[in-house]
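Residue-level structure breakdown
Here is how the chains run, residue by residue.
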Amino acid sequence: MAKHEQKPKLRTAVEPLAHFDLPIPYHSICSFSLSRSFLYLGTHNGSLLLLSLDSDDSPYPSSIPIETVSSSTSRKISFVRGVSLGESAVEAIFVLVEIGLVVVLCDGFLFFVDSSLVQPVKKVGFLKGVSAIARRFRGSQTESTDLTEDATSFLKGQRILEKLGGGVRGNGVRAKELDHRREGNYVFAVVVGKRLMLVELVLGSRVGSSDRDINWANASFVILREMQCFDGVRTMVWLDDSIIVGTIDGYTLFSCITGQSGVIFSQPDSSSRPLLKLLWREWRVLLLVDNVGVIVDVHGQPVGGSLVFRRAPDSIGELSSYVVVARDGKMELYHKKSGNCIQTVTFGAEGVGPCVVVDDENGNGELVAVAMPKKVVCYRKVPFEEQIKDLLRKKNFKEAISLVEELECEGEMSKEMLSFVHAQVGYLLLFDLHFEEAVDHFLQSETMQPSEVFPFIMRDPNRWSLLVPRNRYWGLHPPPAPLEDVVDNGLLAIQRAIFLRKAGIETVLDEHFLSNPPNRAELLESAIKNIIRYLEVSRTKNLMSSVREGVDTLLMYLYRALNQVDSMEKLASTENCCVVEELEALLDGSGHLRTLAFLYASKGMSSKALAIWRILARNYSSGLWKDPAAENGLHGGNAYLSSGREIAATEASKILEDSSDQDMVLQHLGWIADVSQVLAVQVLTSEKRTKQLSPDEVIDAIDPKKVEILQRYLQWLIEDQDSDDTRFHTLYAVSLAKTAIETFEKEHSSESLDSRRLQGMNDTDIRRDSIFLSPVRERLQIFLQSSDLYDPVEVLDLIEGSELWLEKAILYRKLGQETLVLQILALKLEDSEAAEQYCAEIGRPDAYMQLLDIYLDPQDGKEPMFKAAVRLLHNHGESLDPLQVLNTLSPDMPLQLASETILRMFRARLHHHRQGQIGHNLSRAVDIDARLARLEERSRHVQINDESLCDSCHARLGTKLFAMYPDDTVVCYKCFRRQGESTSVTGRNFKEDVLVKPGWLVSR
């Protein structure tokens, strides 16, 4: 599908190099060839002219008359000489630079001319009526056939002539010389009438010589193959094994191997003349159909898109990645891939006549020449670098990037150059105050170093001045300067452009800025934000340590400039390479102490960080830190101060949790505990530090008023660190006991009750500031029961006069005071279940009797606890001696309470006695049954005759001694000694697998 024509981009791809006006004696130019720095012109009157480009370097002697016409450029075209070939127009010129030969088609004949036009012209006589000629080109990516191998059979017929003395063919080439050679570099396709002949240029007399030593006068053509063609061939191209010919009817492809042909395109009736151009850079062929150029491969298949020209051109050339067309005094350049018209050059007036454009197939492809009937103009390709610079000067940044990307895809430019141009565009956009687009291009550049933006942030000289690359760009922008200066200079340029616009002078500045001048503050903020964006991306790259230091430090500068506190603290609190010395004064002076503390902590300067957190915790009301929530009125002032102190204490505790410096930890423990006891405990019990703190030093450093901190620390030592130091166990128990006594007294004091009633407080309110979730008495009781390493006497002395009866019971139990324990459980706590459980733990029947005595005789003026006594008798009466119980029962005990219980005791005793008798009699029955079975086994009779065999060795028993096992197997005495008395022949071991036979007890 043809590509739509787009508006030409403002690009200068070629520029005039020199021009030459045809001398008066010569007629108009009809053919043209460019070979390196020489031009060959063919005129309509049969003349061949030689021109030299930049004749100062020409190898020809100065004695030759030269007509020189200087061009407006730095080079010139000089006329060297000319020769006449006939009266008709010169139709085609082929320059064979390697051998210094020129092949010319004129008046239906081929001529050989030396490249200097000095030697006499040689005419190839045997080829008459030649209408078209094309040289064979071999593609770099395909393999083509050697035609001399296929021509061997054709040459065999010529050997007959040798026998007859006719060893030389009509064209002057000996057949035996061709029989042993291969196809060379100069093979042509020639159309003569309706024949398509494939011929090769050979130099028969100097076969062993090099190309430079060849005498072109002996050159001649050898026919390799002939095939059928048709009339009206106007143009022809030969690529590899395919020959494409063009007529007014269309384009046909011939195979030089098989001779077969096929139509590629058919021309419309009203179409322009056929035209073919070999695109030697891609080894493809362009076919002209009206004003459309169709690109095909070696097989005639269209590839890629088509090129749509404005009008059907007179001639087509190739220059790098462009197709060059000429018509009516204008030359146009079209990009091969995009199809866009890149440049239009006018070299003559409209209607000047047919134009011929040629490119340098033998050179470096940097030149193109166009000829009018009386004039020749040479153009050179503008280097891509200069094209890019020109686009950048005109502020056509998108076109410049597009050009570089195209060149990079085509292999004309490296990826590093693409990155270089992105960076260059970024600089230009930055100085034009388009900061977002500038940073976008910076980020697309893989070669740009982050240090290049340092001068925009900090003035020189500074710590990183030597890291900034110098003179790396094309000088299209001013040298880097701080962003404030860039913005100020940009605003001045805008004001100057507005003034010039009013004076009628056009400028290249942004129209948006001219119509709506920007605000300085907004521009500066945009600049800083986008430089921040670039540095943030740069942090993820693998940079040198010095560059990384500059990136992080200057990023902190920019955050501070925009007062982005969250970003500052995030950078300072995470892994970074900031230089503290560069930021200390800045952050301290601006009041960003939190950021400075985070920075100190990340650099291992813990003491300085802790000092700042301590100051902040004590002076939050002075405004050293601003909470955004408080500024927005989301919570009250008291909550703000409390929240600020807790944040400071939290950050300090994070540092201390990792620190093994005991002196520093204990130094800051006090103020952290004043803010939050939970954080203080976290500091003391942290598992993150490599070396734990000394328990004795910690205990001494804890404020005696912070009892819960001490208790939690001792609990951690005992439970988590498995400490078995009796001092710590005793200290923990004593501390818990003291707290329990105080709590108990507060809870039961009338004043506390009145105040709680007035204030509506509950137990949860009392414990809301505690670091423990469970009550102190519960913790004390659990510890007293679980630990065996504390001194119970010391604890008991402390709580002796208190009302902590359960704790006393636990301690008396530790000391083995069973009676006191039972008295406390039964009388003080009135917990019958616990008392009975304790008796069960003792495991002696007298414990229950002792408990019964306590219930019936509580002493101290208390009434007997008959219900508890009855419960005890009901639960454990069967294990008690009824006589002792009867002797113990009080005469005052109501009979209706005890009668049923005593009756149940008697029944239980009788039932227990009868159960024992039943068991005894069953045991006797089993014993008798076993004795009877054994007696029956021993009294059995076994009959042995002469036919009886041993079940083990199968020997006849006869009168031998034998033995019989319980499973009725019989063996001789010898086998019995070998088997043993417990294992039979079947392998059954009667000691492990007992054989039970039914007895009288079981059967009945």
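Residues numbered from 1 in each chain as written. Predicted model: local features only at pLDDT ≥ 70, side-chain atom pairs only at ≥ 80, totals over all residues. Heavy atoms only, no water.

A few words on the overall build of the protein chain. The helix and strand tally for the protein chain stands at 36 helices and 31 strands. In the protein chain, the share of contacts with a sequence separation of at least 24, taken over all contacts with a separation of at least 6, comes to 56%. A total accessible area of about 51700 Å² is found for the protein chain, and carbon and sulfur atoms account for 50% of it. (Helix = DSSP H or I, 4+ residues; strand = E, 2+ residues; numbered from the N terminus. Contact = heavy atoms within 4.5 Å. Areas by Shrake-Rupley, 256 points an atom, 1.4 Å probe, with all protein chains shown as cover.)

With that out of the way, let us pick up helix 29 (residues 818-828). If you check which residues of helix 29 are buried, you get Val821, Leu822, Ile824, Leu825, Ala826 and Leu827. Those residues of helix 29 that are buried are in contact with helix 28 (805-815), helix 30 (832-842) and helix 31 (845-856). (Buried < 20%, exposed > 50% of the residue type's maximum accessible area, 1.4 Å probe, protein only.)

Our next topic: the packing of helix 23 (residues 726-748) against helix 26 (residues 776-786). For the pair helix 23 and helix 26, interaxial distance at closest approach is 9 Å and the crossing angle is 150°. Between helix 23 and helix 26 the crossing geometry is left-handed. From helix 23, His729, Tyr732, Ala733, Leu736, Ala737, Thr739, Ala740, Thr743 and Phe744 reach across to helix 26, where they touch Val776, Arg777, Arg779, Leu780, Phe783 and Leu784. Its residues placed into classes, the contact of helix 23 with helix 26 shows 10 nonpolar, 3 polar and 2 charged. (Axes fitted to C-alpha atoms, helices over the stretch in contact; angles between N-to-C directions. Left-handed = near helix turned anticlockwise from the far one by under 90°. Nonpolar A, V, L, I, M, F, W, Y, C, P; charged D, E, K, R; others polar.)

To summarise the sheet geometry, strands pair through backbone hydrogen bonds and adopt either a parallel or an antiparallel arrangement. The strand order across the open sheet built from 4 strands is 1-29-28-27, with neighbouring strands paired in antiparallel fashion. Only two strands of the sheet have a single neighbouring strand rather than two, namely strand 1 (14-21) and strand 27 (356-359). Averaged over all pairs of adjacent strands, the angle between their axes in this sheet comes to 20°, without regard to strand direction. Across 7 bridges, strand 1 lies against strand 29 (residues 375-381) in antiparallel orientation. Bridging from a neighbouring strand, Val14 pairs with Lys381 of strand 29. (Pairing = 2+ DSSP bridges.)

Another point: the pairing of strand 12 (residues 187-192). With 6 of its 6 residues buried, strand 12 lies for the most part within the structure. Both faces of strand 12 are covered, namely the face carrying Val187, Ala189 and Val191 and the face carrying Phe188, Val190 and Val192. Of the strand pairs in this sheet, strand 11 (residues 130-137) and strand 12 are connected by 5 bridges, and their pairing is antiparallel. When the bridges of strand 12 are listed, Arg135 appears paired with Phe188. Pairing between strand 12 and strand 13 (residues 195-203): 6 bridges, direction antiparallel. Its bridge partner lying in strand 13, Ala189 is registered against Leu198. The turn linking strand 12 back onto strand 13 is made up of 2 residues, and Gly193 within it adopts a positive phi angle of 65°.

Right, let's get into the pattern of salt bridges. According to the stated counting rule, one finds 38 salt bridges in the structure shown. Residues Glu366 and Lys381 are paired through a salt bridge, measuring 3.4 Å at the closest nitrogen-oxygen approach. A residue pair is termed long-range when its members are at least 10 positions apart, and Glu366 in the loop between strand 27 and strand 28 (367-372) and Lys381 in strand 29 qualify at 15 residues. For the salt bridge of Asp846 with Arg844, the shortest nitrogen-to-oxygen distance reads 3.1 Å. Residues joined by salt bridges that share partners form a network here, namely Glu282, Glu318 and Lys336. (Salt bridge = Lys/Arg side-chain N within 4 Å of Asp/Glu carboxyl O.)

Looking at helix 28, one finds that the buried residues are Glu807, Lys808, Ala809, Ile810, Leu811 and Tyr812. Downstream of helix 28 by a residue or two, Gly816 has a phi angle that is positive, lying close to 80°.

Let us look at the sheet that holds strand 8 (residues 101-106). Reading across from one edge, 7-8-9-10 is the order of the 4 strands in this open sheet, with antiparallel pairing throughout. Taken across any chain shown, the strands that pair with only one partner, and hence form the sheet edges, are strand 7 (90-96) and strand 10 (122-124). The mean angle between the axes of side-by-side strands here comes to 25°, regardless of whether they run parallel or antiparallel. Note: strand 8 against strand 9 (residues 109-114), 6 bridges, orientation antiparallel. Paired with Leu105 across the strands is Leu110, a residue of strand 9.

Moving on: the packing of aromatic side chains. Here the structure, examined in full by the defined rule, presents 21 aromatic pairs. Judged by centre distance (5.2 Å) and plane angle (55°), the rings of Phe112 and Phe221 are tilted. Of this pair, Phe112 sits in strand 9 while Phe221 sits in strand 14 (residues 219-228), and the two are 109 residues apart along the sequence. The buried category is assigned to Phe112, whose relative accessible area is 0%. Arranged with centres 5.2 Å apart and planes meeting at 25°, the rings of Phe420 and Tyr473 form a pair that is stacked. Placement of the pair is Phe420 in helix 7 (residues 415-431) and Tyr473 in the loop between helix 8 (435-444) and helix 9 (483-502), with a sequence separation of 53 residues. As far as the burial class goes, Phe420 and Tyr473 line up, both buried. Looking at Lys808, its charged tip hangs above the ring of Trp805, at a distance of 3.9 Å from the centre. (Phe/Tyr/Trp six-rings, centres within 6.5 Å; stacked < 30°, edge-to-face > 60°. Lys NZ or Arg CZ within 6 Å of the ring centre and 35° of its normal.)

Our focus in this paragraph is the environment of Ala740. For Ala740, the position within the fold is in helix 23. What makes Ala740 buried here is its relative accessible area of 0%. Remark: the alpha-carbon pair of Ala740 and Val776, spanning 36 residues in sequence, is separated by 5.7 Å. With near-sequence residues (within four places) excluded, Ala740 lies in contact with Val776, Arg777, Leu780 and Leu804.

A cluster of like negative charges, contributed by Glu687, Glu719, Asp720, Asp722 and Asp724, occupies part of the molecular surface. Tracing the chain through its elements places Asp720 in helix 22 (residues 707-720). (Patch = residues over 30% accessible without salt bridge, like charges linked within 9 Å, V, L, I, M, F, W, Y side chains within 5 Å. Lys, Arg positive; Asp, Glu negative; His and termini not counted. Charge placed at Lys NZ, Arg CZ, Asp CG, Glu CD.)

Tracing the sequence through the fold places Glu830 in the loop between helix 29 and helix 30. Judged by relative accessible area, which is 58%, Glu830 ranks as exposed. For Glu830 and Met865, which are 35 residues apart along the polypeptide, the C-alpha to C-alpha distance reads 9.6 Å. Not counting chain neighbours up to four residues away, the residues in contact with Glu830 comprise Ile824, Leu825 and Met865.

The subject of this paragraph is unusual backbone geometry. Here Asp460 and Pro461 are connected by a cis peptide whose omega angle stands at -5°. Structurally, the position occupied by Pro461 is in the loop between helix 8 and helix 9. Its identity as a non-glycine residue notwithstanding, Ser320 has a phi of 60°, on the positive side. Looking at the element boundaries, Ser320 is found in the loop between strand 23 (315-319) and strand 24 (322-327). The buried category is assigned to Ser320, whose relative accessible area is 4%. The backbone phi angle of Lys395 is positive, close to 65°, even though this residue is not glycine. If you trace the backbone, Lys395 turns up in the loop between helix 5 (384-393) and helix 6 (397-409).

Our next topic: the side chain of Asp328. Relative to the helices and strands, Asp328 is located in the loop between strand 24 and strand 25 (330-335). Of note is the side chain of Asp328, whose polar atom sits 2.8 Å from the side chain of Arg311. Excluding anything up to four places from it in sequence, Asp328 contacts Arg311, Asp314, Gly348, Ala349, Glu350, Gly351, Val352 and Cys355. (Polar contact = N/O pair within 3.5 Å; in protein donor to acceptor, adjacent residues only side chain to side chain.)

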